[in-house]
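# Structure assessment
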Amino acid sequence: MIVQANIVDAVEHFGELVLNGLEAGVNAVIAALAGSANVVLGLLPSIPDAPAAPVADWIGWLNWLLPIAPMIAAATTLLALYTAFLALRVVLRWVKAL
C-alpha cells in the first residue's frame, strides 16, 4: 500500500518535477554564462585611475563655510524642474489646440 501511494504521488507531481528540472537547467546555463563572462572579463587589463586634481587648502574652508556641492545640486534640480515646466507648457498648449 505504501509503494502504491508513492507511485501515485510521483504521477500527481510529475509536472512539478519537470518544471523544477527545467528551472535547474536554465539556472545552470545562466551560471555557466556568468562564469565564462567572468573569465573573459578577468583577462582584460585593469585601467588605472585618473590622477586627482590638486586642491588648495582654502577650498576646504570655503566648503565648510559655504557648502558649494549642495548649492550646485539644488541649482541643477531647479533648472531641471523649470525645463520640465516649459516642456509641459508646450505639450499642454498642443493638447488645448486639439
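Quick caveat: nothing in here was measured; it's all calculated off a predicted structure.

This part covers the overall build of the chain. The helix and strand inventory of the chain stands at four helices and zero strands. For 98 residues, the compact-globule estimate of 2.2 N^0.38 gives 13 Å, and the C-alpha radius of gyration of the chain, at 31 Å, exceeds that figure by more than 25%. Its C-alpha atoms give the chain principal-axis dimensions of roughly 85 × 55 × 30 Å. Counting all 98 residues of the chain, 0% fall into the buried class. Surface summary for the chain: the accessible area is close to 9,200 Å², and the carbon and sulfur share equals 75%.

This part takes up the packing of aromatic side chains. Here the structure, examined in full by the defined rule, presents two aromatic pairs. The interplanar angle of 80° and the centroid separation of 6.2 Å between the aromatic rings of Trp 61 and Trp 64 together place this pair among those described as edge-to-face. Of the two residues, Trp 61 and Trp 64 are both situated in helix α3 (residues 57–65); the distance of three residues between them amounts to about one turn of the helix. Take Trp 61 and Trp 64: they sit in the same class, and that class is exposed.

Rules used in this analysis
- Residues numbered from 1 in each chain as written.
- Predicted model: local features only at pLDDT ≥ 70, side-chain atom pairs only at ≥ 80, totals over all residues.
- Heavy atoms only, no water.
- Helix = DSSP H or I, 4+ residues; strand = E, 2+ residues; numbered from the N terminus.
- Rg over C-alpha atoms; globule rule 2.2 N^0.38 Å.
- Buried < 20%, exposed > 50% of the residue type's maximum accessible area, 1.4 Å probe, protein only.
- Areas by Shrake-Rupley, 256 points an atom, 1.4 Å probe, with all protein chains shown as cover.
- Phe/Tyr/Trp six-rings, centres within 6.5 Å; stacked < 30°, edge-to-face > 60°.

Interpretation note: all reported values are geometric properties and have no functional meaning in isolation.
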